[in-house]
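Given next are the chains, with one letter for each unit.
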Amino acid sequence: MMRKGSTWGLMMVFLLVAVLSGCGGKDAATGSQEGGEAKGGDAPKEKVQLSFWYGWTGMEAEALEKLIKKWNDANPDIQVKGLSQSDYQKQLTAITGGNPPDVASNFGQDVVPWGERGAMMPLDDFIKKDNVDLGDFVPAALSSSQSNGKTYALPIAMHVSMLFYNKELLEKAGFSGPPETMGQLKEYIAKLSVKEDGGKLQQLGLWPGVDAYTFSYAYGGSYYDADKKQVTPDDAGVKKAVEFGKGIWDQFGSKELDRFASGLGQYMSPQNPFFTGKYAMTIDGEWLPTFIKQYAPNLKYGIAPIPYDESNPSLKDPGNVSTSVFYIPKGVKHPEESWQFLKWMTEPEQMAEFTAAIGNLPTRTSLQTHEIYKEVPGFQEFLQYSSSPNLHSFPATSFSTEYMTEFSNQYNAILRGEVSLDEGLKRVKDKIQPLVK
């Protein structure tokens, strides 16, 4: 799981405009051979050093560095130096300044905005030349990297959220299993949230900064009407999801929630609030069981589907799908060598090794039954869930970055009571609709 900073969005918009107007660079280069030694009568190849910026940290970064070493050992003429860099604003700054990394990672929802505005190099010529089988990629994962007939990135991992629950805390509260519907989820949150005599929170049923996108799909929401070319942050399902989150904030108050949050431990540590029982339930991705195995091996937990709107059973097993991708920034000095490394990283052997190590879902369909995942905790639950027809991705458009940033800003303002629900969503629509082409 890669990290995304909280202040990157607005600066990204300005930087993307600069990339579009000023960034040069070749779209492709030919003549390099993967692996090293010159053949026939060719002169020896010059050693190439590639920089690779990625968003993973901690043990996930360690797993990626093992693959980088594997590449370097086999390719003495193309050496890769990795850098854990999860500030994507810095990626754009480097691209705009003409000094980009040779290969980088990002999230799938950023690919179309970045690609269409000139920050990412189209990969189609490379893909065609090397006969890369795009048919082996999960369609939903690959589609987030494509726009207007161009492929700007290749997905290395697919992410789906599910409900995690502390079995002991639920049993203590009198629950025999996890909530199945949104109505039940509200009841669980109320009963599983514990205050001491002074009124201070000691335990939360579910953290109220909930993923609005996931719960929007639980209510059948939609963020964009492609036929009408209209952004729809005021869609009925989206509004219900925001109301759900707002209800939790109203129940406990922003001041008390801020106090409670200030004492919570770090996410990637034994002090993760779900691991320590501060959260009775959490919405998280397929990587969490791997973290639990490392940091809280004695935790008794369960994994369940995201609750759905009880008034619409056809929405069962809803959720949000996202991807982690690799791309080549526009303006790199060694595009052919960058492609060779990117292609190698997304080949089945390397994809299996990396995603199994960090507990992510692979994006190649040929790997879904691979033996390497048999020992990955939670893999089968998430793999089965990933086939649900009620999983959706945030719409991939040229304005997705601005849309998600503004929606998040207004969502946070609504939760804290700084703006009404209707006014906040109207602000999103008023700001983003003019960006629709």
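Described below are features of the structure shown in this document. All values derive from a computational prediction rather than experimental measurement. (Residues numbered from 1 in each chain as written. Predicted model: local features only at pLDDT ≥ 70, side-chain atom pairs only at ≥ 80, totals over all residues. Heavy atoms only, no water.)

## Focus on the environment of aspartate 133
Its location among the elements puts aspartate 133 in the loop between α5 (124-129) and α6 (139-143). Side-chain polar atoms of aspartate 133 contact the backbone nitrogen of glycine 135, separated by 3.0 Å. (Helix = DSSP H or I, 4+ residues; strand = E, 2+ residues; numbered from the N terminus. Polar contact = N/O pair within 3.5 Å; in protein donor to acceptor, adjacent residues only side chain to side chain.)

## Looking at the layout of surface pockets
If you add up the space inside the second largest pocket, you get close to 150 Å³. Mapped by element, the contributors of at least two residues to the lining of the second largest pocket are α2 (58-74) and α14 (348-358). With six residues, α2 is the single largest residue contributor to the lining of the second largest pocket. Here the lining of the second largest pocket is built from residues that sort into six nonpolar, no polar and four charged. (1 Å grid on protein atoms, 1.4 Å probe; cavity = no way out; pocket = protein on both sides within 12 Å on 5 of 7 lines; lining within 4 Å. Points joined across faces, edges and corners; volume = space filled by probe spheres on them. Nonpolar A, V, L, I, M, F, W, Y, C, P; charged D, E, K, R; others polar.)

## Some details on the packing of aromatic side chains
Taken as a whole and judged by the stated rule, the model has 31 aromatic pairs. Between phenylalanine 215 and phenylalanine 244, the ring centres sit 4.9 Å apart and the planes meet at 45°, which makes this aromatic pair tilted. In this pair, phenylalanine 215 is assigned in helix α9 (residues 212-218) and phenylalanine 244 in helix α10 (residues 236-252), connecting sequence segments 29 residues apart. Classification of phenylalanine 244 as buried rests on a relative accessible area of 4%. (Phe/Tyr/Trp six-rings, centres within 6.5 Å; stacked < 30°, edge-to-face > 60°. Buried < 20%, exposed > 50% of the residue type's maximum accessible area, 1.4 Å probe, protein only.)

## Concerning the side chain of threonine 181
In this structure, threonine 181 sits in the loop between α7 (167-172) and α8 (182-192). In this structure threonine 181 comes out as buried when scored by relative accessible area, which is 10%. Reaching out from threonine 181, the side chain makes a polar contact with the backbone nitrogen of glutamine 184 at a distance of 3.2 Å. Dropping the residues within four chain positions of it, threonine 181 is found in contact with Pro307, Tyr308 and Glu310. (Contact = heavy atoms within 4.5 Å.)

## Brief notes about the pairing of strand β13 (residues 319-327)
Every other side chain in a regular strand lies on the same face of the sheet, so the side chains alternate between the two faces. Counted residue by residue, β13 has eight buried out of nine residues, so it is predominantly covered. Two elements, strand β3 (residues 103-107) and β13, share four bridges in a ladder whose sense is antiparallel. For alanine 104, the partnering residue across the bridge sits in β13 and is tyrosine 327. As paired elements, strand β6 (residues 154-166) and β13 share six bridges and run antiparallel to each other. Within β13, the position partnered with leucine 154 by the bridge is phenylalanine 326. (Pairing = 2+ DSSP bridges.)

## What about the nonpolar core?
Ranked by internal contacts, the top residues of the largest apolar core, which has 119 residues, are Phe215, Phe244, Met281, Phe341 and Phe407. It is β6 that contributes the most residues to this core, nine residues altogether. The residues contacting phenylalanine 244, other than those within four sequence positions of it, are Met182, Leu185, Lys186, Ile189, Leu206, Val210, Phe215 and Tyr219. Of all hydrophobic cores here, the second largest spans 15 residues; its members include Ile95, Val111, Ala119 and Val325. (Core = buried A, V, L, I, M, F, W, Y, C linked by side-chain atoms within 4.5 Å.)

## Some points on the packing of α10 against helix α16 (residues 400-415)
Contact geometry of α10 with α16 gives a least axis separation of 9 Å together with a crossing angle of 40°. Considered as vectors, α10 and α16 are oriented oblique to each other. Remark: the crossing between α10 and α16 carries right-handed chirality. Facing α10, whose interface residues are Val238, Val242, Gly245, Lys246 and Trp249, α16 presents Phe407, Tyr411, Ile414 and Leu415. Of the residues assigned to the contact of α10 with α16, the class counts are seven nonpolar, one polar and one charged. (Axes fitted to C-alpha atoms, helices over the stretch in contact; angles between N-to-C directions. Parallel < 35°, antiparallel > 145°, perpendicular 65-115°, else oblique. Left-handed = near helix turned anticlockwise from the far one by under 90°.)

## Overview of helix α11 (residues 254-262)
Burial in α11 covers these residues: Glu256, Leu257 and Phe260. Buried positions in α11, seen along its axis, are confined to an arc of 100° and lie on one side of it. Exposed side of α11, more than 90 degrees from the buried face: Lys255 and Ser262 are the residues found there. Buried residues along α11 sit against β8 (201-206), α10 and β11 (279-285). (Arc of directions from axis to C-beta.)

Don't take any of this as a statement about function, it's just geometry.
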